[in-house]
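The lines below spell out each chain.
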Amino acid sequence: MRVTRLFGKTTRDVPAEADTISHQLMLRAGMINQLSAGVYSYLPLALRVLQKVEAIIRDEMNKAGSQEVLMPTLQPLELWETSGRVKAFGKGLFVLKDRKDRDLVLGPTHEEVITTLVARFVQSYRDLPQMLYQIQTKFRDEPRPRGGLLRVREFTMKDLYSFDVDEAGLDKNYDIMLNAYKAIYERCGLPAIMVEADSGAIGGKASHEFMLPTPSGEDEIICCSCGYAANVEKATCVKGVCLNDKPEPLEPVSTPGMKTIEEVASFMRSRPSQTYKTLVYVADNNIILAVIRGDLEVNEIKLKNALKATDMRLATEAEVREAGLWPGFVSPVAVDGFKVVADDSIDSGSNFIAGGNKPDTHFKNVNYPRDFKADIVTDIAAARAGGKCARCGGTLNSQQGIEVGHIFKLGTFLSTKLGANYNDEQGQSHPIVMGCYGIGVGRLLGAAIEQNHDDKGIIWPMPIAPYQIALCPLYRDGTPVGEIAEKLYAEFQASGLEVLLDDRKESPGIKFNDADLIGLPLRVTVSPRTLEKNSVEVKWRNKKDSELIPLDQVTAKMVEWTRSRPK
RNA sequence: CGGGGCGUAGCGCAGCUUGGUUAGCGCGCAGCGUUUGGGACGCUGAGGUCGGAGGUUCAAAUCCUCUCGCCCCGACCA
């Protein structure tokens, strides 16, 4: 492609709407254009990247034994009512009416459609297992699209679904997919970390996310040198054991004005880890108490899952008072009528300090289960960097990342609802066991740039770069620069290289800056200076130095370099 | 949904407080000339319903009301 013909223009100024680096660079490089909030056009440079990523995905999906299909974007709302997921998606569903006033949704995902499809064509265990995928546009009315391509309302997604006769089959296919995913990111030149993930209220028994580590990512990953890695939403850590003396009698203590754990602990000459913290939440319109050791924090996602709540938030101070509780002195002791969820740290010691459930009062020597009851005791604590790894005891680290893939073991809840069953050898009917596996292709593009850029622009990994080589002739009248550049351009293309020829009559500065901005992995400069030595200058985008390569060797070298270098 | 900000040429912005000629500037764009290894320069030129509607006024980019859109923080995000 010639730059003079390429649709899209680079700009020097950063468009005001862009805050995120990848967003800014894509706009400046002329790759995308915003039509409305979270809705973008992809210009040729961006589309080439998307297509390269898709080609890698297709190859890996096919190799894994799955088949490609294409399902409708327009889906009857009724189907979603049958699956019971209208509420789960809530306002995220784009709903519209057709001319006959029937409700339709723009598909935010395709579990419902594919399960219906599979129910139609699978009757017997002989028809299983099956893996089907598509690469298709999804619509989700996000409350707040942001970060350019990182969170949008219309996006391309690869979604694959597995169908098996039993859990063992699912486990096997899940493993196959997990390895295919690793291969995809590897081949894209984008090292992703696989982490344990929360599967949400609807998810099945296991779920993993693939994260591209980058400081600007909005997800936090907790990881350990032993290989443990989990989304902070899901991560666990060792809570340790505290003083475990003989239980003393429960005793109220006057603690005037002391509301925080720190105040109370220091007043009582104790430590936060010797206290209980009690938080008040509203879950599906009911007041609930969450109890946890004072030195730990509640992980609200774990709490929400423990309660199987669809909606949960901290209670306001007014709601706390209205419930007859005293902010700062709330306690599971001497209280009645609330559901209590306790972290399993509550019995990691003895003689804890807890709220008194009346003003300016705490209890000391609180012991579980002697002094209070909990309806649920489970892990609701937030893991954090610096904590101890539950697997190996090592110290946990944390890093930020962008979620670029998510796989779930769904189980049978959808096949049961939608009637996707098979008959076994005995003629008995069973629900099909499902898994689903998604990659956000557009987000991967944004995340790739977040991870691979410098102050000059994008630095594409070779496998997904829109072109492999930027060919920059520095024209000067009376020199053969133009002629030789054209010859190289033809030669490169004939050798199967993807090359972008900057045939503009612009100054070297403009060409170099634009080349850096667009970020093709290799730059080949032809100038009077290099021709004096019968050579061209070749430079890697991610390296400082360049080298001169003789004209008669450069094509062969480029073929070699575009194949062998990972970046 | 709560909080904050912004809509003026393709892009980045000024002008608005205190209403008053043909609404400016930089980049980009078109033409001509001089330049050419890290965003050159000169001259000439094109390009605007000032987001939209209504109102106040002799007069509105500017004041008032309503409305639409976009961005950021939070909530939310199977």
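So, how was this worked out
- Residues numbered from 1 in each chain as written.
- Chains lettered and ligands numbered in written order.
- Predicted model: local features only at pLDDT ≥ 70, side-chain atom pairs only at ≥ 80, totals over all residues.
- Heavy atoms only, no water.
- Near = heavy atom within 4 Å.
- Polar contact = N/O pair within 3.5 Å; in protein donor to acceptor, adjacent residues only side chain to side chain.
- Helix = DSSP H or I, 4+ residues; strand = E, 2+ residues; numbered from the N terminus.
- pLDDT = per-residue confidence, 0-100.
- Pairing = 2+ DSSP bridges.
- Axes fitted to C-alpha atoms, helices over the stretch in contact; angles between N-to-C directions.
- Contact = heavy atoms within 4.5 Å.
- Left-handed = near helix turned anticlockwise from the far one by under 90°.
- Nonpolar A, V, L, I, M, F, W, Y, C, P; charged D, E, K, R; others polar.
- Parallel < 35°, antiparallel > 145°, perpendicular 65-115°, else oblique.

To continue, consider the protein's contact with RNA strand B. Among the 44 residues in the neighbourhood of RNA strand B, the closest are listed as Arg12, Arg151, Asp516, Ser527 and Glu537. When atoms of RNA strand B within 4 Å of the protein are split into backbone and base, the sugar-phosphate part holds 45%. A distance of 2.5 Å separates a base oxygen of RNA strand B from a polar side-chain atom of Arg151. Here Asn513 contributes a side-chain N or O atom positioned 3.1 Å from a base nitrogen of RNA strand B. Contributions of two or more residues to the surface near RNA strand B are made by strand 1 (32–36), helix 13 (508–518) and helix 14 (528–532). Here the element with the most residues in the surface near RNA strand B is helix 13; it accounts for seven residues.

Here the focus is the confidence of the model for chain A. Overall, the predicted model of chain A reaches an average pLDDT of 93, with 99% of residues at or above 70. Both scores are given for the predicted complex: the pTM is 0.93, the ipTM 0.94.

Our focus in this paragraph is the sheet that holds strand 15 (residues 276–283). With mixed pairing, five strands are arranged side by side in an open sheet as 17-15-16-18-21. This sheet does not close on itself; its edge strands, each paired only once, are strand 17 (312–314) and strand 21 (376–378). Taken pair by pair, the neighbouring strands of this sheet meet at an average axis angle of 30 degrees, ignoring direction. By the bridge criterion, four bridges tie strand 16 (residues 286–293) to strand 18 (residues 339–343) in an arrangement that is parallel. Its bridge partner lying in strand 18, Ile288 is registered against Lys339. The sheet strands contacting helix 8 (residues 300–307) are strand 15, strand 16, strand 17, strand 18 and strand 21, and the helix crosses strand 17 at an angle near 130 degrees.

Direction vectors running N to C along helix 12 (residues 481–494) and helix 15 (residues 551–564) enclose 30 degrees, while the axes themselves pass 10 Å from each other. Regarding helix 12 and helix 15, the two cross each other, and that crossing is right-handed. Residues Ile484, Leu488, Glu491 and Phe492 of helix 12 touch helix 15, and the partners they reach there are Leu551, Val554, Thr555 and Met558. For the contact of helix 12 with helix 15, the per-class residue count stands at six nonpolar, one polar and one charged.

With that out of the way, let us pick up unusual backbone geometry. The step from Leu128 to Pro129 runs through a cis peptide bond, and the omega angle for that step is 0 degrees. The residue Pro129 is located in the loop between helix 5 (111–121) and strand 7 (130–139) in this model. Note that the residue after Tyr368, namely Pro369, is joined by a cis bond; omega there is 5 degrees. Here Pro369 is to be found in the loop between strand 20 (361–366) and strand 21. Even without a glycine there, the phi angle at Asn534 is positive, about 55 degrees. Structurally, Asn534 can be placed in the loop between helix 14 and strand 32 (535–540).

Between helix 2 (residues 44–63) and helix 11 (residues 441–451), the least distance of the axes is 10 Å, while the angle of their chain directions is 115 degrees. By the criterion of interaxial angle, the relationship of helix 2 to helix 11 is roughly perpendicular. Helix 11 is crossed by helix 2, and the crossing has right-handed handedness. Contacts from Ala46, Val49, Leu50, Val53, Glu54 and Ile57 of helix 2 reach helix 11 at Val441, Gly442, Leu444 and Leu445.

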